[in-house]
Amino acid sequence: MSEVIVGIDLGTTNSEIAVLKDNKVTVIEDERRKILPSFVGMSEKDEILVGEPAKNQYVLYPERTVKSIKRKMGEEAKVKMAEQSYTPQEISAMILKHLKGIAEAYLGEPVQKAVITVPAYFSDAQRQATREAGEIAGLEVVRMINEPTAAALSYEAEQKAHKRILVYDLGGGTFDVSIVGIEDDVVEVLASHGNNQLGGDDFDQKIVDHIVKHLQEKSEIDLQQSRKAMARINRVAEIAKQKLSDEPYVMIEEEYLEEQEGTPIHLSLELDRHDYEEMIMDYIDETLEAVHIAFKGANLVTADIDEILLVGGSTRTPLVSRRLKEEFHLQPRTEVDPDLCVAAGAAIQAAMIGGHDVSKSTVLVDVTPYTYGTSAVGELNGEFYPYMYVPIIHKNSSLPLTKTEVFYTMVDNQEKVEVRIFQGEEQDALNNIQIGEFLVEGLSEATQGNPILIKLELDLDGILHVSAIEKITNLQKSITIDNAISRFEKGEMETAKERIKEIFGEDRKIIDIDQNTETHHAVVQARALVEKAERMLDNASSEDREDMVNVIELINDTIAKEDFTALKEPIEQLSDILYYLES
Ligand code: AMP
């Protein structure tokens, strides 16, 4: 019988524990969270706190709380927490013991063995200290593996590949880049480089500086002396940063930061992604320099790389993928959650040691197989074009997810915008599949450049919610596209393309695909409308209901007869009724 061995990512900012169960890797949740903040604290009642509660008390009692202990592993110095001093191993052991408890509660049996990951650059002393932390926590560390190796394992569980993989790991406090080689079942780090003083915390600091400067200018108050106010600013800055990964603007708000001669100081400041990206550009450039140093170390050139994998929470910053793609002409892979892939890889290694068979299906994640976006006026092949495709949700992103992008009106006093939603990858939106469209009317009288936010939310059931929001008024219009994913079976488009290519040869491909796409689009749109109408039947007046039922029947008949050209009219009729009912 195989034994339980867990995989642990003991991180500077966050830690996770994972295990192979029913041939699937599971990152174990604790109170519905898979990520445990690497914080340890002593409560006022002298109880040990680990994770979220410790992180929460850090704002109030920094002297009773320890964070980022990983940075001190291997050092002799002790850290102070409340009245006592502890070795780094002891603090890490508290985190490990907590994780062990989470796994035991989940599995319903004792856990005594673990694979723990460490950074590729960790020295012997640091590795030894990690092993000791495990022992203190009651865990035999059966193997320590390098974090980039674990990340690569989470993507290539079977390891039958021959690949060179760039693992770009940008966490809270550290940046590491490694080049990992996979040759059959040998996975090794060929070169690595990094900066253990660069990460998401520095990005937070840029926003903190920006906020402090803003408050200084606005209220002539220097909050840097107030530890509590600074801790709160730090927290809102981090939240703002994370929101900017999915949204083009963020409102940073915090009440009663401080009092100034009896008047409370509130914070209310908008930050846009573009300005934020300017703030962190130098840091990202620094990481790219490190990547090139790693290449030199491995005697490789950029063309030798087959894949780029993103690891660490900070890689969710869109600028990271964008710059990597510009530099290496490869779209970085993000299917496995960048916060969880190291723990998942550790669990795969643990399972192998424990005698399990691991296969490609071991790490299965919910990802969108398609890219979704909208169209906008832009330049296509150097020419003005009204339907340039702007992807918003990229294929292979893990689900569920919400992304918002900003667009601008073209003319002064523009009253309406037409929003079209497409699925596909073509630069010309009209060559993609249109899956929804709607009109936003009644925009305020504004000069051109009035920002309109387009928000796409894709859930695990493949339902896509689309909203368009006029930023200055919050005027909003939304639609729901059911089964945005499952309606187009994975590979269907590719198979269709191949088939057409075979029959007609390369040259005629575009024309024929367009016809195919149009029919497909009409049927998809009709079905979505029918589903939506059926949901609205209950609340419609009897007159409207009768109209709707008639049109629905007509649509169903037309589809059954495959008389696709006749679909246009009933689709328009039904859209009109629904539009009328919704407005
Ligand atoms: P890690 O050390 O890998 O756990 O990464 C933690 C860092 O990732 C922290 O600085 C987080 O603020 C950052 N982070 C988490 N989620 C996001 C996000 N959505 N966008 C940008 N940074 C993020």
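Quick notes on the rules
- Residues numbered from 1 in each chain as written.
- Predicted model: local features only at pLDDT ≥ 70, side-chain atom pairs only at ≥ 80, totals over all residues.
- Heavy atoms only, no water.
- Near = heavy atom within 4 Å.
- Polar contact = N/O pair within 3.5 Å; in protein donor to acceptor, adjacent residues only side chain to side chain.
- Helix = DSSP H or I, 4+ residues; strand = E, 2+ residues; numbered from the N terminus.
- Nonpolar A, V, L, I, M, F, W, Y, C, P; charged D, E, K, R; others polar.
- Domains from an automatic or database assignment.
- Axes fitted to C-alpha atoms, helices over the stretch in contact; angles between N-to-C directions.
- Parallel < 35°, antiparallel > 145°, perpendicular 65-115°, else oblique.
- Left-handed = near helix turned anticlockwise from the far one by under 90°.
- Contact = heavy atoms within 4.5 Å.
- Pairing = 2+ DSSP bridges.
- Buried < 20%, exposed > 50% of the residue type's maximum accessible area, 1.4 Å probe, protein only.
- Lys, Arg positive; Asp, Glu negative; His and termini not counted.
- Salt bridge = Lys/Arg side-chain N within 4 Å of Asp/Glu carboxyl O.
- pLDDT = per-residue confidence, 0-100.

**Student:** Describe the site of the ligand, with residues and values.
**Tutor:** The environment of the ligand is formed by 15 residues, the closest being N14, G172, E238, K241 and S245. At 3.2 Å from an oxygen atom of the ligand is found a main-chain nitrogen or oxygen belonging to S314. Take R316: an N or O atom from its side chain is 3.4 Å from a nitrogen atom of the ligand. Top contributing element to the shell around the ligand by residue count: helix α6 (residues 227-243), with 3 residues. Within the shell around the ligand, the residues separate by chemical class into no nonpolar, 11 polar and 4 charged. A domain split of the shell around the ligand shows at least three residues from each of domain 1 (1-158 + 337-359 + 489-506) and domain 2 (200-279).

**Student:** An account of the packing of helix α7 (residues 273-297) against helix α8 (residues 318-328) is needed here, citing residue identities and associated values.
**Tutor:** Packing of α7 against α8 brings their axes to within 9 Å, and their N-to-C directions diverge by 45 degrees. Accordingly, the angle class assigned to the pair α7 and α8 is oblique. Crossing geometry of α7 relative to α8 is assigned as right-handed. Counted together, R273, E277, I280, M281, I284, D285, L288, V291, H292 and F295 of α7 and P318, L319, V320, R322, R323, L324, E327 and F328 of α8 form the full contact between these two elements. For the contact of α7 with α8, the residue count by class is 11 nonpolar, 1 polar and 6 charged.

**Student:** Provide a residue-level description of unusual backbone geometry, including the pertinent values.
**Tutor:** Backbone geometry places D22, a non-glycine residue, at a positive phi of 50 degrees. As for its placement among the helices and strands, D22 is situated in the loop between β2 (14-21) and β3 (24-27). Even without being a glycine, Y256 presents a positive backbone phi close to 50 degrees. Relative to the elements of secondary structure, Y256 occurs in strand β15 (residues 249-260).

**Student:** Residues and numbers for the sheet that holds strand β24 (residues 464-470), please.
**Tutor:** Whether parallel or antiparallel, the strands of a sheet pair through hydrogen bonds between backbone atoms. Here 4 strands make up an open sheet; going across it, the order is β20-β23-β24-β25 and the pairing antiparallel. Of all the strands in the sheet, the pair left with one neighbour each is β20 (401-408) and β25 (476-481). Mean inter-strand twist for the sheet, computed between neighbouring axes without regard to direction, equals 15 degrees. As paired strands, β24 and β25 are joined by 6 bridges and run antiparallel to one another. Counted as the bridge partner of L464 is I481 from β25.

**Student:** Lay out the side chain of R127 in plain terms, naming residues and giving numbers.
**Tutor:** Take R127: it is sitting in helix α3 (residues 124-136). D124 provides the closest opposite charge to the buried, unpaired R127, separated from it by 5.2 Å. At a separation of 3.0 Å, a polar atom in the side chain of R127 contacts the main-chain carbonyl oxygen of F122. Apart from residues no more than four positions distant in its own chain, R127 is found in contact with V118, P119, A120, F122, M144 and N146.

**Student:** Run through the pattern of salt bridges, naming residues and quoting values.
**Tutor:** Per the stated rule, a full pass over the model turns up 20 salt bridges. The partner of R33 in a salt bridge is E52, with the nearest N and O atoms 3.6 Å apart. Note that R33 is positioned in the loop between β3 and β4 (36-37) and E52 in helix α1 (residues 52-60), a separation of 19 residues in sequence. Its relative accessible area of 45% is what places R33 among the partly exposed residues. Classification of E52 by relative accessible area gives partly exposed; the value is 24%. Across the pair E147 and K70 runs a salt bridge whose closest N-O atoms are separated by 2.7 Å. Note that E147 is positioned in helix α4 (residues 147-155) and K70 in the loop between β7 (65-67) and β8 (79-81), a separation of 77 residues in sequence. Classification of E147 as buried rests on a relative accessible area of 7%.

**Student:** Describe the side chain of S178, and please don't skip the residues or the numbers.
**Tutor:** Looking at the element boundaries, S178 is found in strand β13 (residues 175-183). When its relative accessible area of 2% is taken as the criterion, S178 is described as buried. In contact with S178, not counting residues within four places along its chain, are A120, P148, I165, L166, V167, V189, A191 and S192.

**Student:** How would you explain the confidence of the model for the chain if you had to name every residue and give the values?
**Tutor:** On average, the chain scores 86 in pLDDT, and the residues at 70 or more come to 90%. Here helix α10 (residues 492-504) is the element of the chain with the lowest mean pLDDT, 46, and strand β1 (residues 6-10) is the one with the highest, 97. Every residue in residues 486-490 scores below 50 in pLDDT, and together they form 15 contacts with partners more than four places removed in sequence or on other chains. In this model residues 503-515 is a low-confidence stretch, pLDDT under 50, and it forms 9 contacts with partners more than four residues away in sequence or in other chains.

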